[in-house]
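The chain contents come next:
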Amino acid sequence: MYTVSGGDAEAVALRGGRIAFVGSVADLAGLSARRVIELEGRTVLPGFQDAHLHPFSGGMLAIVCNLHRTASADDCLEEIARYAASNPAREWISGDGWSMDFFPGGRSDKERLDAVVPDRPVYLENRDGHTAWVNSRALELAGITADTADPADGRIERDSAGEPSGALHEGAMWLVSTLVPPPTSAEQEQALLNAQAELHALGITAWQDAVVEPETLAAYLAVTERGQLTMRAEGNLLWDRSRGEEQIEDLLTMRERGSLGRLRIRGVKIFQDGVLENFTGSLLDPYEGTDNRGMSMHEAEELRRMLALLDSHGFQVHLHTIGDRAVREALDAIEAAQEANGKRDARHHLAHIQLVHPDDQSRFAELGVVANAQPYWATHSRYVDVLTLPFIGDRAAYHYPFGSLVRAGAPLAFGSDWTVSTANPLPQIEVAVTRILHPERNTEPMLPDERLDLETAVAAFTRGSAFVNFLEDETGTIEQGKLADLVVLDRDIFDTGAGPVGDARVLLTLSEGEPVHDELA
Ligand SMILES: [Zn+2]
């Protein structure tokens, strides 16, 4: 058993949903128990906490067109055709999960989509949710033509004649996504329950939902009121770029409504840039061979005002920051908020942190900002090697610099960004330690100095995420008196003879002592 707070222990006893005892087997002698589990080489860890994910997109995959298991454009077209045929009543074909590297230059085309679905509109987001693949019918319904200007915060991909070619980036996605009929409330509630069951089976007992909207908040509340929310859920409300500071009233109202049972609404999510693969990640210096520095969604001064406002209302701010300029602007805004409002225990956090300029790496510790990292992405892969590294040049030296951030004292939390990539914490912990592509395990480590040791990686998925979730007094370590949110693995991941960490399996997940996933019964 690995407690995270104080090394190993032999035994743990639970009572009334809490940890009643941690220590040696001998000290347990004489206690009577309703259920005794002999570990016999298995490990107990604190339940995993995912600091950034999208449970509703995950849970909806059983309902929409799911392209997450495809490996090529042809795979996608086959699945889209199958889905369209088996869902004849759906007015729109919508879903997600394709990957930019399926297309030359990352540019998805409308023609092949038209060939499979000519009559109904199609809207399919890629794996990272920053680009949509649409067919001609969808472009037509949205009124997007060669004459349509790009929105300020996005781009319509075009062919050499200026015609929309079937890819919409960032803010341009909204031109079509707002036309897609939203899921019904029954579908939303089912999606939440699907996600919860799937993630409990992976040992997750708490999550931070990166974007909670009015519809998904309603689903959380309905499921909580029925006593079915067994996940500790921290929610972030979305800062709507199309509105101004007056939206603070709505955010406050939703926060007020959104604290019930295991649900807390404490955060506001701000997107400060896009992603590097489509050149919308915001950089201090231009992408190699271009004069394009990417896209900061908010001017530095505007971001400072937003941060100060949200901070003054006690919100925790969760920023999407990919490029080194977005990271710096976010840190500057947090620093300015502290100057304006005084430094409080705010635990603002920066998610993704793909490029963190060396000058900014120590500022996380200085400002008390949590580095919310997605360790699974920090490897060489076709995606990174073709679509990212050639365009960042020397900046590849500080690409996902998690080891440097830890050495500079940054508080570290891990999240999957599911459904962008796997929600399973064990392969993510493996990659944090190896920086080698999973599951192929056939690449060189990417920046070996940025690898973490296993203790640090496990702590980032337990105590570290508990900290950013404001749950560290009750969860995140195995200590007497804390809630019995625990996971049992099939092996001791600290035993180097036990095989790769990512191959370990979860056998039992407990939420306040109650099994929410149980293969041992
Ligand atoms: Zn995300």
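A quick note: this is a predicted structure, and the numbers were derived from the prediction, not measured. (Residues numbered from 1 in each chain as written. Predicted model: local features only at pLDDT ≥ 70, side-chain atom pairs only at ≥ 80, totals over all residues. Heavy atoms only, no water.)

Draft legend 1. How the structure looks around the overall build of the chain. Broken down by element type, the chain carries 18 helices and 20 strands. Seen through its principal axes, the chain has C-alpha atoms that stretch 80 × 55 × 50 Å. The burial tally for the chain puts 57% of its 521 residues in the buried class. Considering only residue pairs separated by 6 or more positions, the chain has 73% of its internal contacts joining residues 24 or more positions apart. For the chain, the computed accessible surface area is about 20,500 Å², with 49% contributed by carbon and sulfur atoms. Taking the average location of the 45 positive side-chain charges in the chain and that of its 82 negative ones, the two points are 3 Å from each other. (Helix = DSSP H or I, 4+ residues; strand = E, 2+ residues; numbered from the N terminus. Buried < 20%, exposed > 50% of the residue type's maximum accessible area, 1.4 Å probe, protein only. Contact = heavy atoms within 4.5 Å. Areas by Shrake-Rupley, 256 points an atom, 1.4 Å probe, with all protein chains shown as cover. Lys, Arg positive; Asp, Glu negative; His and termini not counted. Charge placed at Lys NZ, Arg CZ, Asp CG, Glu CD.)

Draft legend 2. How the structure looks around the coordination of the zinc ion. Note on the zinc ion: its protein donors are His52 (NE2), His54 (NE2) and Asp417 (OD). The metal-donor distances range over 2.1 Å. On the primary sequence, the residues serving as donors to the zinc ion are separated as H-x1-H-x362-D. One end of the pair, histidine 52, is in strand S4 (residues 48–53); the other, aspartate 417, is in the loop between strand S17 (412–414) and helix H16 (425–434), with 365 residues separating them in the sequence. Across the pair, exposure class does not vary: histidine 52 and aspartate 417 are buried alike. (Donors = N, O, S within 2.8 Å, 3.2 Å for Na, K, Ca; no water.)

Draft legend 3. A look at the pattern of salt bridges. The final tally for this structure, using the stated rule, is 33 salt bridges. Residues aspartate 360 and arginine 328 are paired through a salt bridge, measuring 2.9 Å at the closest nitrogen-oxygen approach. In this pair, aspartate 360 is assigned in the loop between strand S15 (349–352) and helix H12 (363–367) and arginine 328 in helix H11 (residues 324–341), connecting sequence segments 32 residues apart. What makes aspartate 360 buried here is its relative accessible area of 2%. Residue arginine 328 is classed as partly exposed on the basis of its relative accessible area, which comes to 24%. Here aspartate 360 ties to arginine 363 by a salt bridge, and the two come within 3.2 Å at their closest N and O atoms. Arginine 363 sits in the buried class, given a relative accessible area of 10%. When salt bridges that share partners are traced, they join Arg328, Asp332, Glu335, Asp360 and Arg363 into one network. (Salt bridge = Lys/Arg side-chain N within 4 Å of Asp/Glu carboxyl O.)

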